[in-house]
Amino acid sequence: MKQIILTVVCFLFLQIILKGQVDYDKYPQVSSSYFLQDVYLVEDGTPKMTNIHLNDGFIVQVGKSLKRPKGAIQLEADSMYVYPAFIDVLSHYGIKKSENKEKVEIKFPGMPPDKEAGITPDLSAQDLIASSTPDFSKLRDNGYAISQIANKYGMLPGSTTIALLVDDKSKRVFTDKTNQFGQFEAASGIYPATIIGIMAKFRDLYRNAEVLKKNKDTYSRSSANAQMPSSSDAIEALVPLTLKQQTMYFYPEKKLNTLRAIRLKKELGFNMNLVGIEDIAGLEDLILKENIPLALSIALPKEIKEEKQDSTAQEVSEEVKALTERRMKAYKQRMSLASYLESKSVPFAFSLGSDTGNDLKKNLKRLIDSGLTEQGAIDALTINAATMLGIADVAGSVTKGKFSNLMITDAPYFDEKSNIRMMVVGSETYEYEVKTKEDKPADESLAIEGVWDFSLDTPGGKETGTIKIEKVGDSYTIYTASSDDPSDPEINEDVSLSGNTLEYGFDMTDDGFTMPLSFSLQFTDSETMGGSVSLGEYGAFPISANKVSSPE
Amino acid sequence: MQQRSRLYLIASIIALTLQVFGQSTGDILIKNGTVITIEDGIKEQTDILIRNGKISQIGEGLSASNITEIDAEGMYVMPGIVDAHSHIGIDAVNEATNPVTAEVWVGDAINPFDVGLYRALAGGVTISHAMHGSANAIGGQCETIKHRWGDLDPENWRMKDAPRTIKFALGENPMRVHGEGKNVAPRTRMGIEQEFRRSFAAAKEYKAKKAKAGTTGQMPEYSLRLETLADILDGKIIIHCHSYRADEILMLMNVLEDYGVDKICFQHVNEGFKVAPELAEFGAYASVFSDWWAYKFEVYYSTAYNATILTRNNVITSINSDSRELIRHLYHEAAKTQRYGDLTDNEALKLITINPAIQLGIDDRVGSIKVGKDGDIVIFKGHPLSIYGTPQYTIVDGVVRFDINEDPDDIRVDVDPTVEIPAFYEQSVYDHEAEGCMQGVSTHSHQH
Amino acid sequence: MNYKLHIIIALLLSSIALVGQQVQKSTLGSVVLKNAEIYTITNGVITGDIHIDNNDIKAIGRDLQVQDATEIDCTGKRIYPGFVDSGCKIGLAEISSISLTKDFNEIGTFTPHMRALTAVNPSSVHIPITRVNGVTSALTYPEGSLFAGKAALIHLQGYTPDQMSGGFEAGVLKWPASGRRGRWDRRSDEDIEKDKKKALTKLNGFWKNVKVYSELDGDKGYNPQMEALESVANGDEPLLIEVNKKEDILAALAWVNEEGVKAIFTGVSEGWRVADSLAKYDIPAIVGPILQNPSRASDSYDAPYKNAGLLQQAGVLVAIRTTESENVRNLPFNAGFAANYGMGVEEALKAITINPAKIFGVDDKVGSIEEGKSANLFVCDGDPFEMKTRISHVFINGWNIPIESRQTLLYDEYLNRDPGLELKD
């Protein structure tokens, strides 16, 4: 594995491209050699001060007596904390549902084309993200340097790709068609539309891939003028899985589906890792006894307060008390899953799925409160993840010879006030300003969803428009539209309310001219708000808005 | 150090909640009951000893050391009730997208969390035949499950070694789903016949191709569907066919005769009484409702005397539930044959014990109280065919799974921490009957 | 489409024709039922005779001698008043998968003027099948989203709805419900709450108008929706309120008290949780089916079996319903389950005889065996809750009903089919 990866990486790093035009807003880096002086390296739980030398995307040396070699750029990280950057075992980052797909007329719902039925193991995630060129900053901002990315749609969405989360497109991907991704996603109204249909279809496809391989082998041995065996694209693409050249990363989603995925694996004999595991209460030991590598979801259920000390509340019946107690017990069991695995010495990783990890630290801390050790949490995000992905020889720890993937924080990561100050991903470095404002918990008394009419005073005159706020989970999706063009709003997803403040922004491009807008909105109450909008270098201008409608 | 001990604590909390009912077979001594053996008369004041889940002794004055005893003095002890048609305990019922889906298998969807299973136990049902629905002419394979409430491993619910079964369906349901619903054949009973014929023909051809592959080395494209159909032709799978009208029942028997298939149990078979002599001659079984009719046109000319007429014509007949409500009182459903007909007590009880066991091919294991059979027992206070008969204990493989004296209200084994108080369901007119054969097909009315 | 419709109608007509083929007809006259154990319900168990003279019970006593009366020897037999199903669809629905055979659900939210009695089909095949099991009367009711229409008490004998009428009609309100409608109902808790509130707003808006309408004097013009509920607003007629979940029952109770409505609650699945409140305000409860699943996953398996008994023991006047159409015949078994799970036989019998008669205000005519009451009764050979028990005679309004239905006719024809297999070749 290491050999393959190194070859691919070196190839990517060495390629020289003469572009047709030159961009003088940028300058080339003079060196891809970096030096970290007097940093606290956090390994096995205790921070130790040391120096680290990185070159060309790799860790050259770690040691207290190490001196900055000539030609190495010293990174501003004095007395900061260095962790191996996080590795996500499976996400759908940058994957978009293909739109403007021509509507396929399906005459027989019982035999739809594979693609319509969500059977696309021949699709490569690399191709999908290459076409959508996502900005990886969201994952990186939360500490990640590597993610295995998979298509999201269908029962066999396609092969995965392990990506280095760098902005430079040419340096991103270091393995392709690494693994397969699978889930119990039923096709709507067409075959397979149920869990039982999916199970059967899976078996059918897998056995056909085995038959195909056998027939091909027979064909290559025989001199007879038989026909070259062939099959569908989907079945062809599953052959590496049957040969254990790929592993099936399976997202069972629901508790009992976990056992169903295991059944398929045992019956058919492929390699499987389970990802996105949430609640398997009661089935823990059944699952553990199969020794299948597990990646837990980083999503957690809403926090339940243990006791409501509300003396004014109505007298609670014995029955309700008992039900509440059972629920609390179930909640605790769910929250203890990670620590239970740790107590059983079962290594596990985390997977993001469709998440971007904004709540990563918060949720890890909740798991730690439920008994997980800090080191257990870090291991799950680093060395365990690397091991699961088969890249532990090049990633997952700060070790000589491995990728220089580092997360650098200004205090121990789990400290309330710690901030990520720098991410080193391969040969790229990304620095972060300390957020001046502390993240305040959202003011829960505010109900800000709805449509707001805003008015913005600029030197050029009054701008008006609407801001539509929708609640999605714990955060908001915001549609900002000018009155001139109400049908084409700018969309900001995953915006969180901090205290009574909502901050978001986007770029407006007009005729080649780009203006960054950043909104800072303060809600007086659920009906009125004020604040400012900064327009790039032009400064900030006051905005005010009133709610005109609330959601039904 | 502190962290460590905390971890152990967590491990032990979880371990405690796991596998409380982990064992799947047990030992039990039932004392002094009136034992309704089904196949060997009624034995007063008789004991039954179950060892390792099997009935090891039946007699008077039995004793054993270190064993749980149940005092059944004044109570009726009968074999666990077997339901030959049910859809509880499974997460999917209908793969309704294709008129032929022999490859799907509801055994993949067993859900040991379904409280309906416990409620069935409370009604004395120890085994149910979890079936695919009736949307397709050839639906999926079914699963015979043992009601091991508390065991969270779906694998342990499967009755190992029970023969494979598959669901077929005739008449209005497949016609409505495919013909009316999707505008693809079959839309008529004529079309349904041809679904069977073309499927069996394809399976025959597939078998031939596979046999030929031995010589050429090139295997034919694998088809789990045709593999399954071929297994039916080879007699490895018992057909359980949703059916109502006399004509369609005759049709299927003709098709099966043409393909040399003889293992068939007709399900519902509301007009079975009209062709009882033909069913008996073919050796087909019938599994019927006690009194359901008129929920659609093809059951308008039904009679609650169906079970009696079939029994009197020597058709092995059972009474089934097809409903998470009826499964709670199949003993009551069986008793209705004494109002609608004149079956004896033993004949009526056979409808829910040995007869369904025969239909599922498990009569060597269950369905009567006999040494060597599984320790599946239900103990009634009051006669099981009386309205005042009340199940007290339900025992599966020697393990008490229902005990009326230890029956907390909330018996869920899976609690969703995101739900504050379990949801309340309104009961509307046909709700209690809306979850049978057509589950998973977009209809909310009363169609079986 | 039209073609299909013709087929359905043709098929239905043919079924009606079959009913007409019944050989036996009901008869009316002077009948003495001799030497039976008479379960009067209101006066204990009497051994003796009953003289039925045309429609009524003329006399009850020992050794009744009546000139020219037909005598029926009932030695060793029991006589019970005809059973009353307090909530079902009989006569309003024939084949539930064929919507054109269903007459219980009109379009619209406010349809209190829809009368079940108008649509009762005296020729429904369900009727003979039901009454031979001792069920002689039923409250058949419409369903809807709010004010569904008027339920009607009918006796299961007669050639016209008027001949069948039991002299009681009442409006049906489906109380805005906060429960889930079925396992397919995936609405969020918030959405359920919103839907409930919306429905409550509609209810109160409409009701305000009904009240004002009831205050108006003189010619009020044509306003059938208001007119249908005027007597309810005046407190002259009761209102049937379908309500099941605990919180909804309490809300309905508060509304009823606030508005001064004379209410009868139906459904009442979670009545056992609030039995004391229902008793305190004297609200009769029509519960059932008894043979139904518990309402919540966390409820005990026997909660629905026990509900009727728990309500009765708290002091609530309880009646039992099946909600069925073709299987209203299972009413005695529903009562039997209630009896076995805490209610006791005597109270369970009342819940399908005298209690509904009281609730519907017709206890001067039905619900018990008393001189002067209508002759609604049946003769059987044992406990009528037992499946084994055979019913030998049924009288409805004095009409001696043949113990025969399409289902018994099919039994007679097919038990020993002739030809059997002989003509096969």
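See the structure shown above.
What counts, and where the lines are drawn
- Residues numbered from 1 in each chain as written.
- Chains lettered and ligands numbered in written order.
- Predicted model: local features only at pLDDT ≥ 70, side-chain atom pairs only at ≥ 80, totals over all residues.
- Heavy atoms only, no water.
- Core = buried A, V, L, I, M, F, W, Y, C linked by side-chain atoms within 4.5 Å.
- Buried < 20%, exposed > 50% of the residue type's maximum accessible area, 1.4 Å probe, protein only.
- Helix = DSSP H or I, 4+ residues; strand = E, 2+ residues; numbered from the N terminus.
- Contact = heavy atoms within 4.5 Å.
- Pairing = 2+ DSSP bridges.
- Phe/Tyr/Trp six-rings, centres within 6.5 Å; stacked < 30°, edge-to-face > 60°.
- Lys NZ or Arg CZ within 6 Å of the ring centre and 35° of its normal.

Colleague: Help me understand the nonpolar core in this model?
Modeller: For soluble globular proteins, nonpolar side chains are generally found buried alongside one another. One finds F196 of chain B together with F265 of chain C to be the most contacted residues of the largest nonpolar core, which totals 297 residues. Of the residues forming this core, the biggest block, 11 residues, is contributed by helix α4 (residues 195-221) of chain A. Contact partners of F265 of chain C, with chain neighbours within four places excluded, come to I241, V243, I249, A252, L253, V256, L278, I283, P284, A285 and I286 of chain C. With 25 residues, the next largest nonpolar core counts I467, L502, M515 and F541 of chain A among its residues.

Colleague: Help me understand the pairing of strand β15 (residues 391-396) of chain C, please; the structure alone is not making it clear to me.
Modeller: Within a regular beta strand, the side chains point alternately toward one face of the sheet and then the other, so they alternate between its two faces. Residues and elements named next belong to chain C. In terms of residue burial, β15 counts as a mostly covered element, since 5 of its 6 residues are buried. Inspection of the sheet shows strand β14 (residues 377-380) paired to β15 by 4 bridges, in the antiparallel sense. Residue pairing in the sheet places F378 in a bridge with V394 of β15. Here 3 bridges tie β15 to strand β16 (residues 399-401), and the two strands are oriented antiparallel to one another. When the sheet's bridge partners are listed, I396 is paired in β16 with W399. The turn joining β15 and β16, which pair antiparallel and follow one another in sequence, is formed by 2 residues; a positive phi near 50° is taken by N397.

Colleague: Is there a simple way to explain the packing of aromatic side chains in this structure?
Modeller: Remark: the centre distance and the inter-plane angle together describe each pair of aromatic rings, the angle taken between the planes. One pass over the structure, following the stated rule, counts 48 aromatic pairs over all chains. Ring centres 6.1 Å apart and planes at 20° place the aromatic pair W293 of chain B and Y300 of chain B in the stacked group. The exposure class assigned to Y300 of chain B is buried, which follows from its relative accessible area of 1%. Measuring from ring centre to ring centre gives 6.3 Å for F297 of chain B and Y300 of chain B, while their planes differ by 25°; the resulting arrangement is stacked. Here F297 of chain B falls in the buried class, since its relative accessible area comes to 18%. Taken together through their ring pairs, the aromatic side chains of F110, F147, W175, F206, W207 and W255 of chain C make up a single cluster. Lying over the aromatic face of Y430 of chain A, R140 of chain A brings its terminal NZ or CZ to 3.3 Å of the ring centre.

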